[in-house]
Structures are given as C-alpha cells and as structure tokens.
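Observations on the model geometry
The chain contents come next:
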Amino acid sequence: MNTLSEAYRDHPLHLHHIIPLDFDSVRTVPESHVWPPSPAFEPDDDQSSIPTVDLMDPDAVKLIGHACETWGVFHVINHGIPMDILDEAESEARRLFSLPAGQKLRALRSPAGATGYGLARISPFFNKNMWHEGFTVMGSPIDHARELWPDDYQRFCDVIEDYQKKMKELAETLMHLILKSLDLSEEEISKVVSSGGASTALQLNSYPFCPDPSRVMGLAPHTDTSLLTVLYQSTIDGLQIFKDGAGWVLVSPTNGSLVVNVGDFLHILSNARFPNVIHRVVLKENQKQRLSLAYFYNPPVDSHVSPLALNSARIPLYRSVSVREYVDIKASNLEKALSFIRI
Ligand SMILES: O=C(O)CCC(=O)C(=O)O
Ligand SMILES: [Fe+2]
C-alpha cells in the first residue's frame, strides 16, 4: 500500500483551496486569479545551457552528477520509455481535463485526502489562485476513475498504471546513476533505492487556455517534495527554473525527452551539493491548454533521509528526518521547510 497519502491526512484543506475555477465558463480573468506584476515575469529565455543527459552514454554517471550539481535539472534522452506510452498517458490526461467541470468535481480531492481532482497542494500559501487544475494519483486511480467514468474507467486505469510502472523503473535507474555520482557504495544505494517501499505519486497538470496570460500564474514557484521528479511536457512551453545568476530559465520541451529535477530529499541526501531547483509555470499569449505529467519518486514514507554524501572535510548540514515528518513540515511551511532541519 502506498502510504504517502497518510502523511497528508493531518493537513486538511478548505474547499476553496481545492476546487478549481470552471475555466470553460470565464471570458476574462477573475480578480481571484490576477497576480501582481513582477519583474520576474520577464523571463530570461536563454535555455542553451540546461544539460541533456543521454542514458546510453558510457559517461552517464559523470554527466548526470554534473547536471545535478550545476543545475539541479536536466533533460534525459534515450530513457527507454516508448513514445506511445507518453502519448497515451497525455491523451488520457487530456480526456480527463476535457470533462465538464461538474463531472470532474465528482472526483474532487477530499479535504484530508491526497488523491483526485483539485488545485495544486501549494495553493493555501498564496493569496491568489493559479491558472491550473490537477489530478493526483498514488497507486491505482480506480476509485476516482470510477467517479469520473462509471462505465468506462478501465482504459484510464490501464494507461496510468502502466505509465507509473515505467516511470518507477526509470526513476530507479536515474537514482542509481545519481547516487553513484556521489560515490555511494552499492550497499548505501540499495538502502535508498529499495523498490519495494518507495512512495510515489503522479500529478497530472492542466493549464487551460487563458484570455490574459500575462496576469496569471500557472504554477507558483516551488521545490518538489521528492528525491527526484520525472516530468513529461509534450509540446507547449511554460516550465521555468530559477538559477542563481541567470534568473528564470525556460525548460522547453524537446521531442520525446523527459525533464528530471532534484527534489528536497535528494538535496538533503547530497548534503546540499545538488540544488533542489525552484521552478514555476507561466502562460503565454494565444497558447492552447498545456498539459504535463509529473512523477514524484520518494523514499519509503517511514524511512529517514540524512546527508549521505559526506567526505572527511564536510559536516552534515541537515539532521536526519523521516519522509513523513518532512512532508508534515513542508505542508505547514513550504519553502521554509528545509530551515527546520538545518543543523
Ligand atoms: O507543469 C510543469 O511543467 C511543472 C509541474 C510541477 O512542477 C509539479 O507538478 O510539481
Ligand atoms: Fe514541481
């Protein structure tokens, strides 16, 4: 059983932090969704240096370690996930978000729940709403799929479960390479990448067409509560990462590649050698609905994460923390969460 959802139970949300706008019914952006302009809205579009790692490259360990250290994010190619698996998952996500608002609300996330349809979990930390709707899956999506399509839920379940299986294998491969780049032993690696217990989540994201995109925020800046996140964005721009010295850098989709980013747990485990990259999603003029699928790979929910990559000269920067406890801290403190476990 996937128990990550239990970690969210102690943080029930108000319904207005769960129910998305009925985007089909609005012609203008309501005040509730207008974000203050900020200089950060002018992105530096120079993405030339976001690294691409070819998993078939004999030097993959070195390349991946360098990408994690310098950027905390990279494109991965030759990742072994067939294009039709990515296409089918995207098209099931599109089918879901194309349902009428009333039908989607049947699968609404419950106030103390972690799965189902609703606003991004970070919503309560911002006083404006994002131009976004999501659907969170942990394990089998069958219960919510039945609510959405009482007579036709099987296809969604098959596609989404297959997608998660493939993503899990890829996440394990990536974790192996990343931990090798930190010079961890096979024994230490197998403690982190214990496929039996990993807690994972799949987040389907939709950023609907917006009549006034420069005034809204797709997804507000955040870091992911994961070891790593594997993201599929098919053809539409929007994802940006923040890099010190460079500002907001666009992470454009390239055909069939996936985006991998370092989350909070890998940042802790690497003793801050790898940045847990801050990212957000913005919308552009005349842009069609944008979809993305984010797969979060976490350690088992009751395991502890602590800095492992220590050489003799380095002292640990973070105390050991269980996944459950950190999810708890993050649910109340968002970007300040790490400061609670800093030594
Ligand atoms: O839509 C995207 O490109 C990013 C999604 C994301 O950051 C998330 O789901 O945590
Ligand atoms: Fe994210």
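The model shown is predicted, which means the values in this text are computed figures rather than measured ones.

Neighbouring ligand 1 are 14 residues, the closest being Asn 205, Tyr 207, His 279, Arg 290 and Ser 292. One of the side-chain N or O atoms of Asn 205 is found 3.1 Å from an oxygen atom in ligand 1. Taking 300 Å² as the accessible area of ligand 1 by itself, protein coverage stands at 95%. One can see that ligand 1 is located within the largest pocket. Elements with a contribution of two residues or more to the shell around ligand 1: strand S5 (199–207), strand S6 (219–222), strand S11 (279–281) and strand S12 (290–298).

Under the feature "coiled-coil region" (unreviewed entry), the UniProt entry names residues 153–180. Structurally, residues 153–180 is divided into 96% helix and 0% strand, and its ends, taken at the C-alpha atoms, are 41 Å apart.

For the rest of this paragraph, the subject is helix H3 (residues 83–97). With 15 residues, H3 should reach 21 Å at 1.5 Å per residue; the first-to-last C-alpha distance of 21 Å fits that figure. Here H3 has its buried residues at Ile 85, Leu 86, Ala 89, Glu 90, Glu 92, Ala 93, Arg 95, Leu 96 and Phe 97.

The next point concerns the UniProt feature "domain: Fe2OG dioxygenase" (unreviewed entry) in the protein chain. In the numbering adopted here, UniProt assigns the feature "domain: Fe2OG dioxygenase" (unreviewed entry) to residues 197–299. Annotated as 6% helix and 44% strand, the span residues 197–299 places its first and last C-alpha atoms 7 Å apart.

Turning our attention to a nonpolar patch on the surface. Judged by side-chain polarity, Leu 15, Ile 19 and Leu 105 come together as a nonpolar surface patch covering roughly 230 Å² of accessible area. By the secondary structure assignment, Leu 15 is in the loop between helix H1 (4–7) and strand S1 (52–54).

Right, let's talk about the sheet that holds S12 for a bit. Overall, mixed pairing links the eight strands, which are arranged S1-S2-S10-S7-S12-S5-S4-S3 in an open sheet. Two strands bound the open sheet, and with one partner strand each, they are S1 and strand S3 (116–118). Taking each pair of neighbouring strands and ignoring which way they run, the sheet shows an average axis angle of 25°. Strand contacts of helix H6 (residues 154–181): strand S2 (73–77), strand S4 (133–137), S5, strand S7 (228–233), strand S10 (258–262) and S12, with the helix running at about 55° to S12, the strand carrying the most contacts.

Let us now look at the coordination of the iron ion (ligand 2). Within the protein, His 222 (NE2), Asp 224 (OD) and His 279 (NE2) serve as the donor atoms for the iron ion (ligand 2), at 2.1 to 2.2 Å. When the donors of the iron ion (ligand 2) are listed by position in the chain, the intervening gaps give H-x1-D-x54-H. Each member of the pair His 222 and Asp 224 is classed as buried.

Enumeration according to the criterion identifies 14 salt bridges in this entry. A salt bridge links Lys 128 to Glu 31, with the shortest nitrogen-to-oxygen separation between them at 3.8 Å. One end of the pair, Lys 128, is in the loop between S3 and S4; the other, Glu 31, is in the loop between H1 and S1, and 97 residues separate them in sequence. For Lys 180, the salt bridge is made with Glu 186, and the minimal N-O distance between the two is 3.7 Å.

Our next topic: the pairing of S7. A large share of S7 lies buried, amounting to six of its six residues. Burial along S7 is two-sided: the face carrying Leu 228, Val 230 and Tyr 232 and the face carrying Thr 229, Leu 231 and Gln 233 are both buried. Where S7 meets S10, four bridges bridge the pair, whose relative direction is antiparallel. Paired with Leu 228 across the strands is Val 262, a residue of S10.

What counts as what
Residues numbered from 1 in each chain as written. Chains lettered and ligands numbered in written order. Predicted model: local features only at pLDDT ≥ 70, side-chain atom pairs only at ≥ 80, totals over all residues. Heavy atoms only, no water. Near = heavy atom within 4 Å. Polar contact = N/O pair within 3.5 Å; in protein donor to acceptor, adjacent residues only side chain to side chain. Areas by Shrake-Rupley, 256 points an atom, 1.4 Å probe, with all protein chains shown as cover. 1 Å grid on protein atoms, 1.4 Å probe; cavity = no way out; pocket = protein on both sides within 12 Å on 5 of 7 lines; lining within 4 Å. Sits in = over half its atoms within 2 Å of the grid points. Helix = DSSP H or I, 4+ residues; strand = E, 2+ residues; numbered from the N terminus. UniProt positions renumbered as here; feature names shortened; annotations may be inferred. Expected span 1.5 Å × (residues − 1). Buried < 20%, exposed > 50% of the residue type's maximum accessible area, 1.4 Å probe, protein only. Patch = residues over 30% accessible without salt bridge, like charges linked within 9 Å, V, L, I, M, F, W, Y side chains within 5 Å. Salt bridge = Lys/Arg side-chain N within 4 Å of Asp/Glu carboxyl O. Pairing = 2+ DSSP bridges. Axes fitted to C-alpha atoms, helices over the stretch in contact; angles between N-to-C directions. Contact = heavy atoms within 4.5 Å. Donors = N, O, S within 2.8 Å, 3.2 Å for Na, K, Ca; no water.

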